[in-house]
Amino acid sequence: MYGIMLIVVLVLTGGVIAFIGDRLGSKVGKKKLSLFGMRPKHTSILVTIVTGILITTVTFGVLAVASENVRTALFGMEKLREEMKSTQDNLMDATISLETMKKDLTSTKEEYDKSKKALEKSQQELEIAQNSAQELKRQQAQLEARNSQLWADNQNLIGTNSQLTAENDALAANNQSLKEDNAGLEQLNSDLQQGIENMRERPIIYRVGELLASGIIKKTDSPGQIQHDLSQIVALANSKIVDRLGEEGAKNGVWIYPTEYQEAIKQLMHSDTDMVVRLIVAANLVKGDAVLTDLELHPNRTVYQKDELVYQKVYNVSIEGTNTEILISDFLRNVNTAAASNGILPNPLTGAVGVISGNQIYSIDKALQSSKGNILVSAYAVQNTDVLGPLRLNIILRQEEDKNDTNENE
């Protein structure tokens, strides 16, 4: 479509120029004009020649403007030829390279086929070798099992021989062994008699599980401060031993396992709260021996606030009278159980967590004897009490019907 339009434009342009040239030549001929001093006839011929030249020039100009290929044909033919030659040379080199690569590819395929065949052959040989190795391992295992069996039989024979020799030697040494055993039994009997006499002469001073001393060590990461606080508790225990045994108790004093002591220091250093330390007698102590102790550590906290309810229970006091001592014992036992379950450390021997005076018990007993019906008995903490205790109680009695309260303070 583009070529047809170009041809139409060229035809119309040529026709217009030819028409203009013809009209101009006719006017020049009719008017007998003269250019450059030429005769009118020659002037008409010159106009016709110039018109032809313009037609050709305009034609090439329009073609050059309208088509890049025409410009290339008119002005870049030599360059185009050089590029075509270079392209042909490159094509020839590429063709040669392609042929070379095809030959190399063919050679590579042949080598690959040879390698593949060699690999398959190697794999077959490897499978054969593996099968042979498995067979050799199986035979080796059988030989080793046979060798182990023979070695075991040999050891059994050696053992039997040694046993027979040992039995012979034992028979020879039996008489001497019996004599030594008899002497040992006589010595053991003598030692036991001496121990019994010592036990009779040296009564038990401390019983296993008895609480020697206790204290609270504040939270700190200073080993020196922890050792100082521990030494204070140990010194308290030693002073109690001296109070009980006199100056003789100062000779031996408290003995703690060194590993247990060092472990306690580590635990105290890594603790994130205050700790309760208790020294507990680890074995029955007779007079003259060191006091073996176990070192207990417990995290400290406030178990009961001041005036906090510890325990309460309703008791029915009949009109005919009730054994009030039984009621008080039951109540105190329940208080002790509740306080211990909440965290207060009980005495290792008695299991008690608090103290109560005889006067306070007498006052409670008297109040119960003078009461009738349902009596609510409540125990409150006298002061803030931590894990170490002891728990001191404020016991309140209240008549359930008339709401009358009877306070019994420690």
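Here goes a summary of the coordinates provided. Quick caveat: nothing in here was measured; it's all calculated off a predicted structure.

**So, the overall build of the protein**
Looking only at helices and strands, the protein has 9 helices and 13 strands in total. Each of the 410 residues in the protein was classed as buried or not, and the buried ones make up 23%. Here the analysis covers contacts within the protein between residues at least 6 apart in sequence; of these, 69% occur between residues at least 24 apart. Taken as a whole, the protein presents about 28400 Å² of accessible surface, with 55% of it coming from carbon and sulfur.

**Some thoughts on the sheet that holds strand β2 (residues 211-217)**
Strand order in this open sheet of 4 strands is β2-β4-β6-β3, and the pairing throughout is mixed. Two strands close off the open sheet at either side, each with one partner strand: β2 and β3 (254-256). Neighbouring strand axes in the sheet, compared pairwise and without regard to direction, differ in orientation by 35° on average. Relative to strand β4 (residues 275-281), β2 runs antiparallel, the two sharing 6 bridges. Note on β4: the bridge partner recorded for I216 is V276. Seen against the sheet, helix α5 (residues 223-245) touches β2, β3, β4 and β6 (291-299) and runs at an angle of roughly 155° to β2. Contacts from helix α7 (residues 258-269) reach β2, β3, β4 and β6 within the one sheet, and its direction differs from that of β6 by about 15°.

**Digging into the environment of A367**
With respect to the element layout, A367 can be found in helix α9 (residues 358-369). When the C-alpha atoms of A367 and L397 are compared, they prove to be 7.9 Å apart, with 30 residues separating the residues in sequence.

**Section: the layout of surface pockets**
Considering only enclosed or pocket space, the largest pocket measures out at about 160 Å³ in volume. Of all the elements in the fold, those that place two or more residues in the lining of the largest pocket are β2 and β9 (354-355). Tallied by class, residues from the lining of the largest pocket come to 8 nonpolar, 4 polar and 1 charged.

**Describing the side chain of D386**
Inspection of the secondary structure puts D386 in strand β11 (residues 385-386). Despite its burial, D386 remains without a salt bridge, the nearest opposite charge being carried by K218 at 7.3 Å. A distance of 3.3 Å separates the side chain of D386 from the backbone nitrogen of L388, its partner in a polar contact. Those residues in contact with D386 that sit more than four places away from it in its chain are I216, N300, R301, T302, V303 and I344.

**What to know about the packing of α5 against α7**
How two helices sit against one another is set out by the angle between their axes and by the gap between those axes. One way to put it is that α5 packs onto α7 with a least axis distance of 10 Å and a crossing angle of 125°. Between α5 and α7, the interaxial angle falls into the category oblique. Here the hand of the crossing between α5 and α7 comes out right-handed. Mapping the contact onto sequence places P223, I226, Q227 and L230 in α5 and Y261, I265, L268 and M269 in α7. Residues that form the contact of α5 with α7 fall into these classes: 7 nonpolar, 1 polar and no charged.

Conventions adopted
Residues numbered from 1 in each chain as written. Predicted model: local features only at pLDDT ≥ 70, side-chain atom pairs only at ≥ 80, totals over all residues. Heavy atoms only, no water. Helix = DSSP H or I, 4+ residues; strand = E, 2+ residues; numbered from the N terminus. Buried < 20%, exposed > 50% of the residue type's maximum accessible area, 1.4 Å probe, protein only. Contact = heavy atoms within 4.5 Å. Areas by Shrake-Rupley, 256 points an atom, 1.4 Å probe, with all protein chains shown as cover. Pairing = 2+ DSSP bridges. Axes fitted to C-alpha atoms, helices over the stretch in contact; angles between N-to-C directions. 1 Å grid on protein atoms, 1.4 Å probe; cavity = no way out; pocket = protein on both sides within 12 Å on 5 of 7 lines; lining within 4 Å. Points joined across faces, edges and corners; volume = space filled by probe spheres on them. Nonpolar A, V, L, I, M, F, W, Y, C, P; charged D, E, K, R; others polar. Lys, Arg positive; Asp, Glu negative; His and termini not counted. Salt bridge = Lys/Arg side-chain N within 4 Å of Asp/Glu carboxyl O. Polar contact = N/O pair within 3.5 Å; in protein donor to acceptor, adjacent residues only side chain to side chain. Parallel < 35°, antiparallel > 145°, perpendicular 65-115°, else oblique. Left-handed = near helix turned anticlockwise from the far one by under 90°.

Everything listed here is a matter of geometry and, on its own, says nothing about what the molecule does.
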